[in-house]
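# Structural overview
Each chain is listed here by its residues.
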Amino acid sequence: MIYALISHICYFTFNMGIILRTSELKKYYLVFVREKANAGNLTNFEVFDFLRSRGATSDPMGCIGSVSPSECKVFGYLSGSPAYMQTRESVNEFLRKADNFKFITSFEKLNIVNSTPTVMPALYATIKDCDKRIAKEEEQIAKENQLEEDQLQELLELVKEIFPQPAEEQEELSQ
Amino acid sequence: MFYLSQVEQNLKMPPHLLKPSLLDGELEKGIRGELEKRFLDKVITNLGLCISVYDIQSFEGGFIFPGDDGCATYKVRCRLVMFQPFVGEVIVGKIESCDEFGLQVSLGFFSDIRIPERFMVQPCHRGEDGIWVWQFKVDNEEFQYSLDIDEEIRFRVASVKYPPTPVEQSENSKPFSPMEITGYINGDGLGLVSWW
């Protein structure tokens, strides 16, 4: 029994491990702890920029080494989305100017930045219950209803101004 | 579509991974590699699909516990980029296939997105070749718009579900998908991108 104890202590010191009390040992067998489930939403552009800075490219063969194939797939998808054309400054500018429109929530702003609608129906799709919101104003003064639709038009113009579409740029190049 | 999730993980670093990183002084790289092996491309219930390790905020420990075959255990705090669209988000994807229940849409890196028939543009029916067609009536004129395969489609997320892992699976059943997204396209601006 004593021999077993001595050999046990020798094993510990040989490994240079720290001898921990049983209560501390128990702590280290959890799978993982979610400290903060949501530490902040990311726009598609931010993920695209992050993957690009890690070395992802559109070419699937070029990705091996620094970035895994699944990250490459995400990068490939984002390259085909409006995020490809965006810059940090344009996204910040849009979010700053969109603060003037009080009727849209931050989730809707995120929706708009990710999908950059260019036509009115697409903008309707990004804003939740758009019809109902405008209709609500109808019950009040008719002028306020007009204001809402004008605001939607302004928002659309703002999106077109800050996030130019690649098709339009190509047209400009050909002219 | 994406958000950051902060987790604390007790990571076991096997000795063969530790040796090169300790010698180079790049322990962080080794830890990152082990984190990626653990989390990348895996679905965590209620958090989503892990796309990437954003950063490692801190790691401490490095103790070797008895009976652990020499693995040093680090307590790592890191942030992961998770893919989990919120309900109401508008996403553009490609129609991958269609069956009698509806459409299946894919985003390249994620394919378990279904648009069941009840959430599709109304009225629509399934043609002889299996492709869904939208019958659009305006002023007594009827237009037929077909939802072809490989077309880009804009849909809104209706729900994100995490079905529990099945204990037994018969051979013929479709592969288990840990995260299922249901979308709907019955609304303004939704449906094929070419329509609007």
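Residues numbered from 1 in each chain as written. Chains lettered and ligands numbered in written order. Predicted model: local features only at pLDDT ≥ 70, side-chain atom pairs only at ≥ 80, totals over all residues. Heavy atoms only, no water.

## With respect to the overall build of chain A
Of the regular secondary structure elements, chain A holds ten helices and two strands. Each helix and strand of chain A, ordered N terminal to C terminal, gives the series α-α-β-β-α-α-α-α-α-α-α-α. Burial status across chain A gives 35% buried among its 175 residues. For chain A, the share of sequence-separated contacts (at least 6 apart) that also reach a separation of at least 24 residues comes to 60%. Accessible surface, chain A as shown: approximately 11,400 Å² in total, 57% of it carbon and sulfur. (Helix = DSSP H or I, 4+ residues; strand = E, 2+ residues; numbered from the N terminus. Buried < 20%, exposed > 50% of the residue type's maximum accessible area, 1.4 Å probe, protein only. Contact = heavy atoms within 4.5 Å. Areas by Shrake-Rupley, 256 points an atom, 1.4 Å probe, with all protein chains shown as cover.)

## Regarding the nonpolar core
Of all hydrophobic cores here, the largest spans 63 residues; its most connected members are A:Phe94, B:Phe2, B:Phe83, B:Phe109, B:Leu147 and B:Ile153. Counting residues per element, this core draws most heavily on helix H9 (residues 142-162) of chain A, at six residues. Residue assignment places this core across two domains, with domain 2 (40-85) and domain 3 (89-163) of chain A each supplying three or more. Filtering out sequence-adjacent residues up to four positions away, B:Phe2 remains in contact with A:Asn41, A:Leu42, A:Asn44, A:Val47, A:Val74, A:Leu78, B:Ile51, B:Val81, B:Met82, B:Phe83 and B:Phe109. In terms of nonpolar packing, the next biggest core, distinct from the first, is built from 20 residues, B:Phe39, B:Cys50, B:Ile56 and B:Val76 among them. (Core = buried A, V, L, I, M, F, W, Y, C linked by side-chain atoms within 4.5 Å. Domains from an automatic or database assignment.)

## Here's the deal with the confidence of the model for chain B
When the pLDDT values of chain B are averaged, the result is 83; 94% of them are 70 or greater. Confidence metrics for the complex model read pTM 0.75 and ipTM 0.82. (pLDDT = per-residue confidence, 0-100.)

## Concerning the sheet that holds strand S9 (residues 132-138) of chain B
One key point about sheets: their strands pair by backbone hydrogen bonds, in either a parallel or an antiparallel sense. Residues and elements named next belong to chain B. Taken in spatial order, the three strands line up as S8-S9-S10 in an open sheet, and their pairing is antiparallel. Bordering the open sheet on either side are strand S8 (124-126) and strand S10 (141-147), each of which pairs with just one other strand. Geometrically, the sheet is characterised by an average inter-axis angle of 30° between neighbouring strands, direction not taken into account. (Pairing = 2+ DSSP bridges. Axes fitted to C-alpha atoms, helices over the stretch in contact; angles between N-to-C directions.)

## A word on the pairing of S10(B)
Residues and elements named next belong to chain B. Pairing of S9 with S10 involves seven bridges; the strand directions are antiparallel. Looking at S10, one finds that tryptophan 134 is bridged to tyrosine 145. Between S9 and the antiparallel strand that follows it, S10, lie two residues; aspartate 139 among them carries a positive phi value of about 50°.

## Brief notes about the interface of chain A and chain B
At the junction of the two partners, chain A supplies 45 residues and chain B supplies 46 residues. Taken over both partners, the interface formed by chain A and chain B buries close to 4,000 Å², and the fraction arising from carbon and sulfur atoms is 61%. Run the count over chain A and chain B and you get one salt bridge. Salt-bridge contacts for A:Arg54 lead to B:Glu36; the nearest nitrogen and oxygen are separated by 3.3 Å. At the surface where chain A touches chain B, the tally comes to eight residue pairs in polar contact (both at pLDDT 80 or more). Where the side of chain A that touches chain B is concerned, the elements lending two or more residues are helix H1 (2-15), helix H2 (22-27), strand S1 (32-36), strand S2 (41-42), helix H3 (44-54), helix H4 (69-79), helix H6 (106-115) and helix H7 (120-126) of chain A. A per-element tally of the side of chain A that touches chain B places H4(A) first, with six residues. Looking at the side of chain A that touches chain B, its residues break down into 26 nonpolar, eleven polar and eight charged. (Buried area = accessible area lost by both parts, 1.4 Å probe. Salt bridge = Lys/Arg side-chain N within 4 Å of Asp/Glu carboxyl O. Polar contact = N/O pair within 3.5 Å; in protein donor to acceptor, adjacent residues only side chain to side chain. Nonpolar A, V, L, I, M, F, W, Y, C, P; charged D, E, K, R; others polar.)

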